[in-house]
Amino acid sequence: MEIPPLTDDTVRLALVGQVLRRRWRLLAALAVLGALVGAGASILFSPGYKTTSGVLLQGPRQADELLTQAEIATSSVVLDRTAAMLSWHPSGADLKKQVSASVAQSNVVTITVSADTAEHAQQLADQVAQQYVKYSTQLATNSADASVQLAQEQRESLREQVKLTTDKISDLAKNVGGGLTVESVQVRTQLEGLKTSLEQAINDLNQADLATGVGNTVVLGPAQRPTSPAAPTMTHFVAGGAVLFFLVGVFGHLFTARTDRRLRGEPQIASALGAPILAGVDVTTPEGDRAPATGFLGRVRHLLGGDRPWVLPPVATSADEVNRDIRYRRVLARLATGPADVLLLVAEDDETGRLAAAQLAELADRLSVPLRVFEFSPDRPTVPDAAASSGVLVVLGAGTRTAWQLVRLAEACADARQEIVGAVLTHPVRPSEPAKPGPAAEAPEKALAGSA
């Protein structure tokens, strides 16, 4: 069967699978943190319960006048009066964030309110509508004092004009003869013109009467009590926060893996150091690939699994102690054919490298091999000056250093006139479980008791 080639999508799916499998504790903690942040955000941004109330503006209205009425509905005067009438005693400034008004069709001002409970939302909507009607009527009454007097004078003038026109028509009608003379035709024409003027005056009077009812506003009805909170609710915020933080954690791991420049392959490490890889040794730690937890932050990372590399292959189980000791002896045997004095370099933050260096130093002391351990800073490496017939052995963990860090280490060795004879790569392994004792390993007393 032909194996399909790896694509970018396949690599991404594999990386996502590794993140979910090896960092599920950290992702779960991020999801819980996101849920808590969402719950806190819901307290500040959740609208609570919403309902609406409508107010009808009677009479013909202009578009700008309707917008003005919507502004009046949310004015500080209306909201302060509403707050004074409510039983839970809010302030007008608080209601400013909870009340909004818009203009709908058919001269209806829609008042939308939000509150912490359904009962409060209903009471708030009804009270705002009532206070708006009272305040709007008060404004119309105060502003109509001068206009009412002017309208009354116009009505009286129109009525006098109608009366004078009617009297004139009556006088002309008496003087008109019954013959079809030129004069009679002219009189009838004048009478028709006067009738037209009279009808126009009557229409103007009717329009003036209609204008007196413009300021009337009526509440369409009580607001409905909402049955459930308006979206987004606390559940939406909590779920959204958990999902958002979870995805941020996954994509953060993928971004970190993409920008990671640490070398993991032996050819790349040997090329950056300019020295061969002498051997690879296993380092047994209590947690396999996890360094011992130190400090509060270290314990937190240890608990969440943040101290475990997830982009490396799974940690293998350690072989027996004899096989591990053979690998360390091979490294020392290869050094015996080289310089008389060997300086072993290991980074300060490389836990597995430091464990391997300590074991090499202990074994070299038992075998009387001249070996000195020196820890260097990975950011600014410094190497002691060379002695006669000396060399440098670098011990480092796979995937712990970038190419530039290794190049700087090689330059520091060159400045100290130290020759890098090789490098040893360390691989963390988990300890193997002790073998269970078989029946033959039982105590002689039990064996004898069983045979009796």
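Positions within a chain are numbered from 1, following the residues in the order the chain's sequence is written. In view of the model being predicted, local features appear only for residues whose pLDDT reaches at least 70, and side-chain atom pairs are presented and counted only at 80 or more, with totals across whole chains, interfaces and linings using the full set of residues. For side-chain calculations, the full set of non-hydrogen atoms in the structure is used, while hydrogens and water are omitted.

**Considering the pairing of strand S2 (residues 99-104)**
- Bridge analysis of S2 against strand S3 (residues 108-115) gives six bridges, and the strand direction is antiparallel. Bridge assignment links Val-103 to a residue of S3, and that residue is Val-109.
- Should DSSP find at least two bridges between two strands, the strands are taken to pair. Under the scheme used here, helices are H or I runs from DSSP no shorter than 4 residues and strands are E runs no shorter than 2 residues, and both carry numbers assigned from the N terminus. Between S2 and S3, which follow one another and run antiparallel, lie three residues, and Ser-106 among them has a positive phi close to 65°.

**Description of the UniProt feature "transmembrane region" (unreviewed entry) in the chain**
- UniProt positions are given in the numbering used here, feature names are shortened, and annotations may be inferred rather than shown by experiment. When the UniProt feature table is mapped onto this chain numbering, "transmembrane region" (unreviewed entry) sits at residues 26-45 and 234-255.
- In residues 26-45, the share of helix is 100% and the share of strand is 0%. The end C-alpha atoms are 28 Å apart.
- The span residues 234-255 is 100% helical and 0% strand by assignment, and the distance between its end C-alpha atoms comes to 31 Å.

**A closer look at a nonpolar patch on the surface**
- On the surface, a cluster of nonpolar side chains totalling about 500 Å² of accessible area is made up of Ile-43, Leu-44, Phe-45 and Met-234.
- Among the elements that take part in the nonpolar patch, helix H2 (residues 24-45) stands out by supplying three residues, more than any other.
- Looking at the secondary structure, you find Met-234 in helix H9 (residues 234-259).
- When its relative accessible area of 46% is taken as the criterion, Met-234 is described as partly exposed. Excluding any residue in a salt bridge, patches collect residues exceeding 30% relative accessible area, merging like charges within 9 Å and nonpolar Val, Leu, Ile, Met, Phe, Trp and Tyr side chains within 5 Å. In this description, accessible areas are obtained by the Shrake-Rupley approach with a 1.4 Å probe, and a residue is regarded as covered only by the protein chains that are shown. We define a salt bridge as a contact between a side-chain nitrogen of Lys or Arg and a carboxyl oxygen of Asp or Glu at a distance within 4 Å. When accessible area is computed with a 1.4 Å probe and restricted to protein chains, residues below 20% of their type maximum are described as buried, those above 50% as exposed, and intermediate ones as partly exposed.

**Thoughts on the pairing of strand S7 (residues 371-376)**
- With six bridges joining them, strand S6 (residues 341-347) and S7 adopt parallel strand pairing. Bridge pairing links Leu-344 to Val-373 in S7.
- At this point the chain moves from S6, through helix H13 (residues 351-366), to the parallel S7, and the crossover so formed is right-handed. By convention, a crossover is right-handed whenever its connection, traced from the first strand over the helix to the second and viewed with the strands pointing away, goes clockwise.

**What to know about the sheet that holds strand S4 (residues 217-219)**
- Read across the open sheet, the four strands follow the order S2-S3-S1-S4; overall the sheet is antiparallel. The sheet is open, and its two edges are formed by S2 and S4, each paired on a single side. When the angles between neighbouring strand axes are averaged without regard to direction, this sheet yields 25°. Helix axes are fitted to C-alpha atoms over the stretch in contact, other axes to C-alpha atoms as well, and angles between N-to-C directions run from 0 to 180 degrees.

**So, H9**
- Every helix has an expected span of 1.5 Å times one less than the residues it contains. In a regular helix each residue adds 1.5 Å, so 26 residues correspond to 38 Å; H9 covers 37 Å between its end C-alpha atoms and thus fits that length.
- Where H9 is concerned, the buried positions are Phe-237, Gly-241, Ala-242, Gly-249, Val-250, His-253 and Leu-254.

**Quick word on the confidence of the model for the chain**
- On average, residues of the chain score 78 in pLDDT, and 75% of them are at 70 or above.
- Note on residues 438-452: pLDDT under 50 across the span, and zero contacts to partners over four residues away in sequence or across chains. One confidence number per residue, pLDDT, is output by the predictor and ranges from 0 to 100. Should any heavy atoms of two residues lie within 4.5 Å, those residues are counted as being in contact.

**Remarks on empty space enclosed by the protein**
- With a 1 Å grid laid over protein atoms only, a set of points is called a cavity when a 1.4 Å probe fits there but cannot get out and a pocket when it is open yet has protein on both sides within 12 Å along at least five of seven lines; lining residues have an atom within 4 Å of a point. Grid points are joined across faces, edges and corners, and a volume is the space filled by probe spheres set on the points. All chains considered together, the criterion is met by one cavity of 30 Å³ or more.
- Around the largest cavity, the lining residues are Ala-347, Asp-350, Phe-376, Val-394, Val-395, Leu-396, Arg-401, Leu-406 and Leu-409.
- Every element with two or more residues in the lining of the largest cavity is listed here: strand S8 (390-397) and helix H14 (403-415).
- The leading source of residues in the lining of the largest cavity is S8, at three residues.
- Put simply, Ala, Val, Leu, Ile, Met, Phe, Trp, Tyr, Cys and Pro go in the nonpolar bin, Asp, Glu, Lys and Arg in the charged bin, and everything else, Gly too, in the polar bin. Looking at the lining of the largest cavity residue by residue, the class counts come to seven nonpolar, no polar and two charged.

**Considerations on the side chain of Asp-126**
- By secondary structure assignment, the location of Asp-126 is in helix H6 (residues 118-143).
- Buried and without a salt bridge, Asp-126 has Arg-225 as its closest oppositely charged side chain, separated by 8.1 Å.
- When sequence neighbours within four positions are dropped, the list of residues in contact with Asp-126 reads Pro-222 and Ala-223. Residues counted as positive are Lys and Arg, residues counted as negative are Asp and Glu, and His and the chain ends are not counted.

**Observations concerning the sheet that holds S8**
- Strand order in the open sheet made by the five strands is S5-S9-S8-S6-S7, with parallel pairing throughout. Of all the strands in the sheet, just strand S5 (277-284) and S7 have a single pairing partner and so form its edges. Pairwise comparison of adjacent strand axes, ignoring direction, gives a mean angle of 25° for this sheet.
- Here helix H10 (residues 266-273) sits on the sheet and contacts S5, S8 and strand S9 (420-429); the angle it forms with S9, its principal contact strand, is near 145°.

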